[in-house]
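Examining the three-dimensional arrangement
Next come the chains, spelled out residue by residue.
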Amino acid sequence: PLFLHSDVGMGKTHILHAITNILFENKEKLNVVYTNAEEFTSELIDAIQENRLNDFRQQYKSCDAILLDDIHFLAGKQAAQEEFFHLFNALYQSKKQIVITSDRPPRDISHLEKRLKSRFGSGVIIEIGPPQFETREAILRAETKKYPKLTFPDEIIREIAETVTSNIRELKAALQQLVNRHELGEEPLNSDTLSSVLSYYQT
């Protein structure tokens, strides 16, 4: 099992999408299930109400790999935890791949059964930290390609990368705000406009 955790906006879901795409491209035609804890719980409730619990279980237990996002949303949901515990065991014993994400490590997820925490901790646990400056700059340059008609000065890109260090989501949002001010307010793509945008992210 692979357990990925990080603060919000660090790209956990993007990593799951990338893994899913790679698995779908596999020549062996793997049966891959990608979902999140909220959808899993909602499907379980529907299955119970419609007397389709066996079908629900078979759907998940027959997969070759399951990728489940935001597992911390199972906290406090006893029936969903019980169901996922048995699913986890079945897939693990069948040597199927399990990939899980959360906003915190297994031991820190409150209102989650100890046996689930133990299962999650039995594999590889990876923390995704904030991106370094070079990565932030590379992300921004990749984002600028979405606006082929605009020219972004190097100092603008570097200043955003130096200022917005919390997470990738805010990094992209800062660039988007700059573009919005330029396109909607006809403000120039310069340091003055950027300073107004970045004031929101400075502490």
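Below or above, wherever it landed, is the structure these notes cover. Each chain has its residues counted from 1, following the order in which its sequence is written. In keeping with the predicted nature of the model, local features appear solely for residues at pLDDT of at least 70, side-chain atom pairs appear and are counted solely at 80 or more, and the whole-chain, interface and lining totals rest on all residues. The side-chain numbers reported here are obtained from all heavy atoms of the structure, hydrogens and water having been left aside.

Description of the overall build of the protein
- Helix and strand assignments follow DSSP, with helices taken as H or I runs no shorter than four residues and strands as E runs no shorter than two, numbered in order from the N terminus. Per the secondary structure count, the protein includes nine helices and five strands.
- Along its sequence from the N terminus, the protein presents helices and strands in the succession β-α-β-α-α-β-α-β-α-β-α-α-α-α.
- Radius of gyration: C-alpha atoms only; globule rule: 2.2 Å multiplied by the number of residues to the exponent 0.38. Relative to a compact globule of 203 residues, whose C-alpha radius of gyration would be 17 Å, the protein shows 21 Å and is clearly more extended.
- If one aligns the C-alpha atoms of the protein with their principal axes, the spans along those axes are about 60 × 40 × 35 Å.
- Sorting the 203 residues of the protein into buried and exposed places 39% on the buried side.
- Residues count as neighbours in contact if any of their non-hydrogen atoms are within 4.5 Å of one another. Of all intrachain contacts in the protein linking residues separated by at least 6 positions in sequence, the fraction that spans at least 24 positions is 73%.
- Only the protein chains shown count as cover for residues, and all accessible areas are computed by the Shrake-Rupley method using a 1.4 Å probe. Only carbon and sulfur atoms are counted for the fraction: they give 48% of the accessible area of the protein, which is about 11600 Å².
- Positive and negative side-chain charges in the protein, numbering 24 and 30 respectively, have mean positions lying 7 Å apart. Only protein chains enter the accessibility calculation, which uses a 1.4 Å probe; a residue whose area is less than 20% of its type maximum is buried, one above 50% is exposed, and one in between is partly exposed. In this tally, Lys and Arg are treated as positive and Asp and Glu as negative; His is ignored, and so are the chain termini. Charge placement uses NZ in Lys and CZ in Arg. For Asp and Glu, CG and CD serve respectively.

Remarks on the packing of aromatic side chains
- We call Phe, Tyr and Trp rings a pair once their centres come within 6.5 Å, taking the six-membered ring for Trp, and we label the pair stacked below 30 degrees between planes, edge-to-face above 60, and tilted otherwise. Throughout the structure, instances matching the rule amount to ten aromatic pairs.
- Taken together, a centroid distance of 5.7 Å and an interplanar angle of 90 degrees make the contact between F40 and F84 edge-to-face. One end of the pair, F40, is in helix 2 (residues 37-49); the other, F84, is in helix 4 (residues 78-93), and 44 residues separate them in sequence. Per residue, the accessibility class of F40 equals that of F84, and both read buried.
- Ring plane angle 15 degrees and centroid distance 6.3 Å describe the contact between F88 and Y92, whose orientation is recorded as stacked. Here the residue F88 and the residue Y92 both occupy positions in helix 4, the gap between them amounting to four residues, near one helical turn.
- Judged by its relative accessible area of 2%, F88 is buried.
- Judged by relative accessible area, Y92 falls into the partly exposed class, the value being 44%.

A word on the pairing of strand 4 (residues 97-102)
- Burial analysis of strand 4 places five of its six residues in the buried class, the great majority of the element.
- When DSSP finds two or more bridges between two strands, those strands count as paired. Here strand 1 (residues 2-5) pairs with strand 4 via four bridges, running parallel. When the bridges of strand 4 are listed, F3 appears paired with I100.
- Alignment of strand 3 (residues 65-69) against strand 4, held across four bridges, turns out to be parallel. Each residue of the ladder has a partner; that of L68, found in strand 4, is I100.
- Handedness of the crossover is the feature at issue here: the chain leaves strand 3, passes through helix 4, returns alongside strand 4, and the resulting connection is right-handed. Crossovers are described as right-handed under a simple rule: with the strands pointing away from the observer, the path leading from the first strand over the helix to the second runs clockwise.

With respect to the pattern of salt bridges
- For salt bridges, the criterion is a side-chain nitrogen of Lys or Arg within 4 Å of an Asp or Glu carboxyl oxygen. Under the counting rule described, the total for this entry stands at eleven salt bridges.
- Where D154 meets R141, a salt bridge forms, and the shortest distance between an N and an O atom there is 3.4 Å. A residue pair is termed long-range when its members are at least 10 positions apart, and D154 in helix 7 (residues 154-163) and R141 in helix 6 (residues 133-144) qualify at 13 residues.
- The structure contains a network of salt bridges with shared partners spanning E82, E113 and R115.

A word on the sheet that holds strand 1
- Spatial strand order, 2-3-4-1-5: five strands in an open sheet with parallel pairing. What marks the edges here is a single partner per strand, and that holds for strand 2 (32-36) and strand 5 (124-127). Ignoring strand direction, the axes of neighbouring strands in this sheet form an average angle of 15 degrees.
- Each axis is a line fitted through C-alpha atoms, taken for helices only over the stretch in contact, and angles between the N-to-C directions span 0 to 180 degrees. Each of strand 2 and strand 3 touches helix 2; the most contacted strand, strand 2, lies at about 100 degrees to it.

With respect to the packing of helix 6 against helix 8 (residues 168-185)
- Between helix 6 and helix 8, whose axes approach to 10 Å, the crossing angle comes to 45 degrees. Considering their axes alone, helix 6 and helix 8 lie oblique with respect to each other. Crossing of helix 6 against helix 8: the hand is right-handed. Of the residues in helix 8, those in contact with R136, I139, L140, E143 and T144 of helix 6 are I168, L171, K172 and L175. Angle categories are assigned with fixed cut-offs, so that under 35 degrees is roughly parallel, over 145 is roughly antiparallel, 65 to 115 is roughly perpendicular, and the rest are oblique. The sense of a crossing depends on the near helix, which, turned anticlockwise from the far helix by less than a right angle, makes the crossing left-handed and, turned clockwise, makes it right-handed.

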